[in-house]
Each structure stands twice: as C-alpha cells, then as structure tokens.
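Observations on the three-dimensional arrangement
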Amino acid sequence: PLVLGIETSCDETGVGIVRGGTLLVDAIASSVDEHARFGGVVPEVASRAHLEAMVPTIERACREAGVRLEDLDAIAVTSGPGLAGALLVGVAAAKSLAVALGTPLYGVNHLASHVAVDTLQHGPLPEPTLALLVSGGHSNLLLVPDITDDVRHLGQTIDDAAGEAFDKVARVLGLGFPGGPHIDRAAREGQVVIDFPRGLTAAKDLERHRFDYSFSGLKTAVSRWVRAKQEAGEHVPVADVAASFQEAVVDVLTRKALLACREHGVADLVVGGGVAANSRLRALAQERCDAAGVTLRVPRPGLCTDNGAMVAALGAQMVMRGREPSDLGLPADSSMPVTVVSA
Ligand code: ATP
Ligand code: MG
Ligand code: FE
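Residues numbered from 1 in each chain as written. Chains lettered and ligands numbered in written order. Predicted model: local features only at pLDDT ≥ 70, side-chain atom pairs only at ≥ 80, totals over all residues.

**Some details on the sheet that holds strand β1 (residues 2-7)**
Whether parallel or antiparallel, the strands of a sheet pair through hydrogen bonds between backbone atoms. Filter applied, for reference: One bridge is not enough; two strands pair if DSSP finds at least two bridges between them. Only runs of H or I of at least four residues qualify as helices and only runs of E of at least two qualify as strands under DSSP, and these elements are numbered from the N terminus. Axis definition: a line fit to C-alpha positions, over the contact stretch in the case of helices; interaxial angles, taken between N-to-C directions, run 0 to 180 degrees. Note on contacts: residues are paired as contacts if their backbone-placed C-beta atoms lie within 7 Å.
Pairing within the open sheet is mixed, and its 5 strands lie in the order β3-β2-β1-β4-β5. Looking at strand neighbours, the two that pair on one side only are β3 (22-30) and β5 (105-109), the edges of this open sheet. In this sheet, adjacent strand axes meet at a mean angle of 20° when their direction is disregarded. Taken strand by strand, helix α13 (residues 309-320) contacts β1, β2 (12-19), β3, β4 (74-80) and β5, and its axis lies near 135° from that of β1.

Encoded structure:
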C-alpha cells in the first residue's frame with residue numbers, strides 16, 4: 001500500500017511516503033532554530049510553525065516521490081503522545097486529507113512509530129522483538145510481540161529521559177541545543193576518565209527496578225563535578241566530561257536491554273528514538289549484542305529522530321496486517337500510553 005504519514009508531535013513537521021516496507025520520501029521542516037535561543041521547545045511557536053509548514057511539506061513530499069494524492073491508499077498520523085497544540089495541527093491535516101480523498105485514516109502512537117521505522121531499513125520485525133526506545137521525552141524497554149497491535153511495557157525511566165539528560169548536560173557544558181549531537185561529537189575527542197553513577201544498577205535497585213532507568217542523579221553528578229572545577233578556577237575538560245557522561249548513559253541502556261533480552265528469551269533487539277542516533281550507543285549495543293548472540297537492529301541516524309517516514313511505516317504495517325482504521329473523531333492525545341499502538 002502507498003501510505004503518507006504525518007508527524008507533528010514536537011518541533012519537526014514530517015511528511016513521509018512509503019510503499020509497503022519501502023521508503024519513497026521523507027520530507028522534514030524543523031522549527032528547531034526558533035527554539036534554540038530558549039534552550040527548549042516552545043509549544044506555541046512549534047504549533048504555529050507546523051501550521052505554516054504543513055501544506056508545503058505535503059506538496060514537497062508528493063513531488064519528490066512522484067506521487068499524486070489521489071494515488072494514496074491510506075493516511076497515517078501521529079495522534080500522541082506529544083505537545084497537544086502541535087499534535088492537533090497534524091491530526092487536523094490528516095483528517096482533511098482522508099475526507100477529501102476518501103482514504104482510510106490511521107492515528108498511530110509516536111513511540112511505536114520510533115520502533116516501526118526500522119522496518120523501512122531492515123524489513124519486518126521479528127515477533128517478538130525487544131525494543132529499547134530512547135528519545136527526548138521517553139526511555140522505555142518494551143516487549144513487542146506485534147508492532148501493529150501488541151506492545152508491552154517492561155520498564156521506563158523513573159525521572160529524566162535519556163535525551164533529556166543529554167540536553168541538560170550539554171547546557172551545563174555550554175554546548176548547543178539539542179544537546180545529544182553536540183555531546184556525541186565532543187565525546188569523540190575525549191576519554192572516559194570520570195566514573196559517573198549508573199542509575200538503578202545496584203543489587204537492591206535491580207530487584208525493584210529491574211528494567212527501569214534513572215538519569216537525574218547522573219545529571220546532578222555531572223553538574224556538581226563541573227561546578228567544583230569552575231569554583232576551583234580550574235579548566236573544565238569538556239570532551240572528557242562528555243565522553244564520561246555518555247558512557248554512563250549508554251552503559252546502563254545497553255546493559256538492561258540485554259538483561260531483558262535474556263530474561264524474556266528474545267533474540268532480536270531494536271533501538272529507536274533520537275538517542276539511538278548516538279554513535280557510542282550504537283557501537284556498544286553492537287558489541288554487547290554480538291557477545292550475547294542477539295541480533296541488533298538500529299535504523300540509520302536520520303530515521304531515529306522525529307520524521308514522517310516513521311509514521312507512514314507504522315501505518316503501512318497496520319494496513320498490511322488488516323488492522324482497523326481510526327474513525328474521523330480521532331483525538332490528539334498528548335499523553336497516549338506507549339502500549340496503545342493506535343487510536
Ligand atoms: P519523544 O519521542 O519522547 O516524544 P522527541 O520526539 O522530542 O521525544 P526525538 O526526536 O525522538 O525526541 O529525539 C530527540 C532527542 O534525541 C533529543 O533529546 C536529542 O538530544 C537526542 N539526540 C539526537 N541525536 C543524538 C545523539 N547523536 N546522541 C545522543 N542524543 C541524541
Ligand atoms: Mg526535534
Ligand atoms: Fe520522538
């Protein structure tokens with residue numbers, strides 16, 4: 001099926017078009033530069049930018065894919081979770097298209113889409129697959145028997161998301177927003193020489209929070225370490241701090257993901273979400289999966305951060321599985337749970 005996907009949960013207006021499991025085009029307009037000076041995404045600014053970018057981005061996607069709107073078999077859209085006003089713009093656009101074209105509408109979960117996007121690169125997901133979802137607002141371990149219908153929660157962060165920790169630590173180090181790519185780059189010039197804490201890995205934490213994460217203690221430890229240097233009038237070794245912080249994050253992420261694979265008897269791990277673009281996470285995950293006999297699947301970095309192709313990918317999987325479309329009363333659900341695949 002030829003499916004167009006619309007993503008507007010945060011600051012990227014994404015429109016992707018897929019044919020079955022094949023990506024045709026992934027068009028993105030971002031308002032990130034308008035938010036950078038605030039050090040975070042400003043919801044009102046994001047909604048207005050989506051409104052302005054929506055129609056031109058749909059037109060550009062169709063043009064680049066050589067597809068006419070009338071050719072589409074389905075429209076998919078992120079119905080949640082995300083910023084309410086931003087989601088509404090995408091949902092309204094998708095409903096309008098579905099009504100005008102008479103095509104089915106699929107309201108899908110943004111987080112499930114971060115996982116489903118991997119089908120565009122590596123084919124259908126093995127069933128079950130274990131998913132490590134690490135993004136700006138979420139850090140979850142999921143057992144996925146069927147990405148179109150059955151996503152189970154194993155654990156999540158009890159405080160900050162992994163991406164949020166990257167963004168906050170980048171700020172402490174005076175690097176730009178969003179912080180993940182800056183830390184990734186800085187860390188390549190540094191050494192892992194500072195032993196920062198690994199949240200929820202002590203024996204007693206592993207009992208109660210076996211597959212949960214915690215990054216706020218790590219963020220505080222990095223801030224304290226940097227402030228102590230500054231107050232002593234000493235030079236802050238930014239690259240070493242970045243490398244040491246990054247290692248602490250990816251060590252815990254991969255350790256618990258592989259523990260979950262082993263304990264749930266799953267031989268395939270997919271990593272998704274913006275933080276999955278991190279080069280050290282990709283390398284360490286590969287190393288540990290190889291050692292454990294687990295097959296690793298990580299989409300290319302451009303598909304890890306928010307985009308429309310991921311929504312189209314999940315929509316196409318739903319069509320191919322014969323899932324029911326959404327009705328036109330489809331809501332934008334800013335707090336849609338990760339276990340609800342479609343609305
Ligand atoms: P959510 O998906 O939870 O709603 P989001 O959509 O805002 O949140 P994504 O676009 O999936 O988040 O990911 C953005 C996050 O990914 C940011 O926190 C950013 O710093 C982080 N990120 C992007 N590239 C990298 C990288 N190379 N290394 C580490 N983090 C990265
Ligand atoms: Mg973004
Ligand atoms: Fe996202």
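**Considerations on the UniProt feature "binding site: Fe cation" (unreviewed entry) in the protein chain**
Here is the rule we go by: UniProt positions are given in the numbering used here, feature names are shortened, and annotations may be inferred rather than shown by experiment. Buried means a residue has 20 or more other C-beta atoms within 10 Å of its own C-beta, exposed means 12 or fewer, and partly exposed covers the counts in between; C-beta atoms are placed from the backbone.
Following the UniProt record, the feature "binding site: Fe cation" (unreviewed entry) maps to His110, His114 and Asp306 here. Considering the C-alpha atoms alone, the annotated residues occupy 197 residues of sequence yet fold into one spot, their largest mutual distance being 8.8 Å. Of note, His110 is situated in helix α4 (residues 110-116). Using a count of 26 C-beta atoms within 10 Å as the deciding quantity, one classes His110 as buried. Dropping the residues within four chain positions of it, His110 is found in contact with Ser9, Thr78, Gly80, Pro81 and Gly82. As for its placement among the helices and strands, His114 is situated in helix α4. With 31 C-beta atoms counted inside 10 Å, the residue His114 sits in the buried group. Excluding residues that lie within four positions of it along the chain, His114 makes contacts with Leu133, Ser135, Gly272, Gly273 and Met310.

**Observations concerning the site of ligand 1**
Heads up, the condition is: Using a C-beta atom placed from the backbone, a residue is described as near a molecule or strand when that atom lies within 6 Å of it. When residue character is reported, Ala, Val, Leu, Ile, Met, Phe, Trp, Tyr, Cys and Pro are called nonpolar, Asp, Glu, Lys and Arg charged, and the others, Gly included, polar.
Around ligand 1 sit 24 residues in total, of which Gly136, Gly137, Gly163, Gly180 and Gly274 are the nearest. Secondary structure elements with two or more residues in the shell around ligand 1: α4, α6 (162-172) and α7 (179-187). When residues in the shell around ligand 1 are grouped by element, the largest group, 4 residues, is from α7. Of the residues assigned to the shell around ligand 1, the class counts are 6 nonpolar, 15 polar and 3 charged.

**Brief notes about the sheet that holds strand β9 (residues 268-272)**
With mixed pairing, the 5 strands of this open sheet are ordered in space as β8-β7-β6-β9-β10. If you trace the sheet from one side to the other, it starts and ends with β8 (150-156) and β10 (295-297), each paired once. Strand-to-strand, the axes of this sheet are offset by a mean angle of 25°, without reference to chain direction. Where strand β6 (residues 129-134) meets β9, 4 bridges bridge the pair, whose relative direction is parallel. Within the sheet, the bridge partner assigned to Leu133 lies in β9 and is Gly272. Along the sheet, helix α10 (residues 238-264) makes contact with β6, β7 (139-146), β8 and β9, crossing β6 at roughly 160°.

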